Amino acid sequence: MIWRLAWRNLWRQRSRTLILMSAVTLSYAMVLAAMGVGDDSHFQMLDAAVEGAGGEVLVHGEGYWEARSGDILIDGAQTVGELVAAVDGVANVMPRVAIDGLLSTAVGNRPVQLLGIRPRAEVALRDVDADVVEGDRLDDTELRAPLLLGGPVAEELEVGPGDRVVLTATGADGELTRALFHVAGIVRSGRADLDEVLAYTTLEAAGDALGLDDQLVQFGVLVESGVEPETVQDRIREALPEGGAGLEVLTWREALPEMVGFIEIDDAFLYVYAVVIYLVVVFAIANTFLVSVLERVREFGLLNALGLRGGRLARLVLAETALMTALSMVLGLALALAIHGALARWGISVAAWGIEEIELAGVDLANMVMRSQIVVSKWVTASVLVAVATISSAIYPALRAARLAPAEAMRFYE
Amino acid sequence: MTTTPGGAPSAETVMDDAAQPIRVEGVTKVFRQGPLEVHALRGVDLVVDQGAFAALAGPSGCGKTTLLNLVGVLDTPTTGRVIVGGRDVSSLSRGEAADFRLAHVGFVFQAYNLVPVLIAYENAEFTLLLRNRDPAARRQIVEPLLERVGLGDMMDRKPHELSGGQQQRVAVVRALATQPSIVLADEPTANLDSAASDELIDLMLELNRELDTTFLFATHDRAVLDRTPWVIRMLDGRVVEDGASR
Ligand SMILES: Nc1ncnc2c1ncn2[C@@H]1O[C@H](COP(=O)(O)OP(=O)(O)OP(=O)(O)O)[C@@H](O)[C@H]1O
Ligand SMILES: [Mg+2]
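Remember, it's a predicted structure, so these values are computed and weren't measured experimentally.

Residue and element names in this part refer to chain B. Spatially, 6-7-8-3-9-10 is the arrangement adopted by the six strands of the open sheet, whose pairing is mixed. What marks the edges here is a single partner per strand, and that holds for strand 6 (105-108) and strand 10 (238-242). Averaged over all adjacent pairs, the angle separating strand axes in this sheet is 20°, with direction ignored. Alignment of strand 9 (residues 230-235) against strand 10, held across four bridges, turns out to be antiparallel. Looking across to strand 10, one finds that Leu235 is bridged to Arg238. Sheet contacts for helix 1 (residues 64-71): strand 3 (53-57), strand 7 (182-186), strand 8 (214-218) and strand 9; angle to strand 7, the most-contacted strand, approximately 155°.

Given below as structure tokens:
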């Protein structure tokens, strides 16, 4: 009976109810949609950050990350690689040699960072071979010292597949060394920042160029899903001889602290935004329902005179709010899912806003496409909070209704 | 002091609940308005017998509504006792008072008697609904009563689709549906023209006789008073003439 009354009361002031409902619907939908976009961009940033760092956990010589100098090496790389690979929770080990050097052709010189990699091992992180647009892939080239060059570098040096290029770099012995490479293929990853500075070769060719002997610059590690990088970091330290003395084991979070900070701040902004929106909405609802109670003093007096206890009058007001909230939230959820669906499907390209350069902690975000992703637990939490906040905004008006003295109330409009 | 038709002297102390559904003993009511004290009732004694049809008369502000509110347990007296259906209701809590009203008192007010979002039938059955009577039982009680008061074909109308007199008749049905000990009405005819007013009083008189329900109501209306067998006159917070013997 309370619900029937509440439902009909809700539609007495149709336009007022509709305005209130649209406020709840829109604010709820916006909070959810913003959360969808925010979470997705965070996931994208996490992916970009892990990719930029070179793995979820990094193992390299003490001081390498700080100095990025190619002469800080991991000795006994074979053993270290095997130990790391055997650690519980490690999904993928990617041995690397990074060389800062100068590429020269008859036309000119160009500084690059040459990465010696095992292409297959890197696929889970970034599939370089998939970006080859011309020539051979690293994985199936016949060349002994193959080189993948980014499009812009190849253009500047005026080389193509099959051409010869000379690398000049500091060798393992600290002496300047030169090595001859053959261009195997041209890479266009769609990320200008990478294509302009990175070049790739095989792990063996890079080692030969520097004269390495069972030495490497870095192991990138990917962990099994559901395992925290920090856990694996600890286990790797334990597994390494002498607790990893002379080696540095970092998680990507430690490697890119700015990125982690940015995501946290971004999340915090979303919370603040949601809270501010909701304070406004809740205040508006409380106010509207108070007005609607005060307008019906005489009627509540009548209901109470007829024997409806104060508590049930309060429940009537709460039921009106609950119905309004439930209806608005169903609509809001539908709207949020529609926005989510549209964004997830088509996305909004950051580049389309005219933003050409946006970089964070060395990770390029200009190619990021805004999409949406639902983190179910967060949506549920947000919904519960919205429901609780909205309905509780009617508590004060409900108490006012419950406290009306019938004799006083009946004197209204008489 | 009040007298009752055929009332025995012992009625002052020993109450026959069934015979005297309303007893008011030495009741005063003071309203405080800031520093001001309004003495709305200055010592009222009143006994109304079972099956009576009694009117409270008197000039505006003499305390009719205040007295009806005390008898209807909508308010509590400042001093004195109000006994309804044999129960002292002078100091019930708000919740107990609501329950008591539902169980024992039927109300017809001057205006805005009906819940605007409910149709005539739903308004009429409202008190039965509050008493958790099942739908079939409610229909069995309410439908004949609505037909009895001439609203058989208007049960589905919203209050604003009914005339003032029709609205009051719905309120009468609602008041009677629960078979209360007493029905109280505060100026039930004040918003009606004389024809509708006559009709309503006739109806109430007939139902009073048919159902033997006790009616106590307040009115200004001379025409109504002329047709009322028992008129209680009030002045300035006191009962000045209890025309019970008329
Ligand atoms: N809640 C209240 N607060 C203050 N004064 C009140 C209150 N209720 C009634 N009064 C005062 O008590 C006195 C009696 O009022 P009451 O309403 O009982 O008169 P009444 O006989 O019903 O008058 P009317 O015929 O105009 O309805 C009046 O002076 C009125 O102003
Ligand atoms: Mg009055």
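Residues and elements named next belong to chain B. Tallying each qualifying case throughout the model produces four aromatic pairs over all chains. Each ring, one from Phe53 and one from Phe215, has its centre 5.5 Å from the other, and the planes form 45°; the classification is tilted. You can see Phe53 sitting in strand 3 and its partner Phe215 sitting in strand 8, a full 162 residues away along the chain. Like Phe215, Phe53 is buried. The structure contains a cluster of three or more aromatic residues connected by ring pairs, namely Phe53, Phe215 and Phe217.

Quick look at the environment of Ala177 of chain B now. Residue and element names in this part refer to chain B. Relative to the helices and strands, Ala177 resides in helix 5 (residues 164-177). In the structure, Ala177 is positioned 49 residues away from Leu128 in sequence and 7.0 Å away in space, judged by C-alpha atoms. In this structure Ala177 touches Ala124, Leu128, Ile141, Val142 and Leu145, once residues within four positions along its chain are discounted.

This paragraph deals with the side chain of Gln215 of chain A. Of note, Gln215 of chain A is situated in strand 10 (residues 215-216). In terms of polar contacts, Gln215 of chain A uses its side chain to reach the side chain of Asp75 of chain A, at 2.9 Å.

The next thing to look at is the nonpolar core. Residues Leu67 and Leu184 of chain B are the most contacted members of the largest nonpolar core, which totals 81 residues. If you tally residues by element for this core, the top one is helix 13 (residues 310-346) of chain A, at nine residues. For Leu67 of chain B, the contacting residues outside a window of four places in its chain are Val24, Leu41, Val44, Leu46, Leu56 and Met234 of chain B. By size, the runner-up hydrophobic cluster in this structure holds 76 residues, among which are Leu58, Val80, Val97 and Val223 of chain A.

This part covers the pairing of strand 1 (residues 22-33) of chain B. Residue and element names in this part refer to chain B. Alignment of strand 1 against strand 2 (residues 36-48), held across ten bridges, turns out to be antiparallel. Of the residues in strand 2, the one forming a bridge with Gln33 is Leu36. The turn joining strand 1 and strand 2, which pair antiparallel and follow one another in sequence, is formed by two residues; a positive phi near 60° is taken by Gly34. Two elements, strand 1 and strand 4 (residues 79-84), share five bridges in a ladder whose sense is antiparallel. Within the sheet, the bridge partner assigned to Ile22 lies in strand 4 and is Val84.

Looking now at the confidence of the model for chain A. For chain A, mean pLDDT is 87; residues scoring 70 or higher make up 95% of the total. Across chain A, the element-wise mean pLDDT spans from 58 in strand 15 (residues 363-364) of chain A up to 93 in helix 13 of chain A.

With that settled, the discussion passes to unusual backbone geometry. All names here are of chain B. Phi at Tyr112 is positive, roughly 50°, even though this residue is not glycine. Within the secondary structure layout, Tyr112 lies in the loop between strand 6 and helix 3 (120-130). Residues other than glycine seldom take positive phi values, yet Asn132 does so here, at roughly 65°. Mapping Asn132 onto the fold places it in the loop between helix 3 and helix 4 (135-148).

Now for the pattern of salt bridges. All names here are of chain B. Per the stated rule, a full pass over the model turns up 33 salt bridges over all chains. A salt bridge links Glu206 to Arg148, with the shortest nitrogen-to-oxygen separation between them at 2.5 Å. With Glu206 in helix 6 (residues 194-211) and Arg148 in helix 4, this pair connects stretches of sequence that are 58 residues apart. A single network of salt bridges, built from pairs that share partners, joins Arg23, Glu25, Arg81 and Asp88.

What follows is about the environment of Ala91 of chain A. Take Ala91 of chain A: it is sitting in strand 3 (residues 90-104). Each C-alpha atom of the pair Ala91 of chain A and Asp214 of chain A lies 23 Å from the other, and the pair is 123 residues apart in sequence.

Attention now goes to the sheet that holds strand 1 of chain B. Residue and element names in this part refer to chain B. Overall, antiparallel pairing links the four strands, which are arranged 2-1-4-5 in an open sheet. Sheet topology places strand 2 and strand 5 (87-88) at the edges, where each strand pairs with a single neighbour. Both strand 4 and strand 5 contribute to a ladder of two bridges, which runs antiparallel. By the bridge assignment, Val84 is partnered in strand 5 with Arg87.

Rules used in this analysis
Residues numbered from 1 in each chain as written. Chains lettered and ligands numbered in written order. Predicted model: local features only at pLDDT ≥ 70, side-chain atom pairs only at ≥ 80, totals over all residues. Heavy atoms only, no water. Pairing = 2+ DSSP bridges. Helix = DSSP H or I, 4+ residues; strand = E, 2+ residues; numbered from the N terminus. Axes fitted to C-alpha atoms, helices over the stretch in contact; angles between N-to-C directions. Contact = heavy atoms within 4.5 Å. Phe/Tyr/Trp six-rings, centres within 6.5 Å; stacked < 30°, edge-to-face > 60°. Buried < 20%, exposed > 50% of the residue type's maximum accessible area, 1.4 Å probe, protein only. Polar contact = N/O pair within 3.5 Å; in protein donor to acceptor, adjacent residues only side chain to side chain. Core = buried A, V, L, I, M, F, W, Y, C linked by side-chain atoms within 4.5 Å. pLDDT = per-residue confidence, 0-100. Salt bridge = Lys/Arg side-chain N within 4 Å of Asp/Glu carboxyl O.

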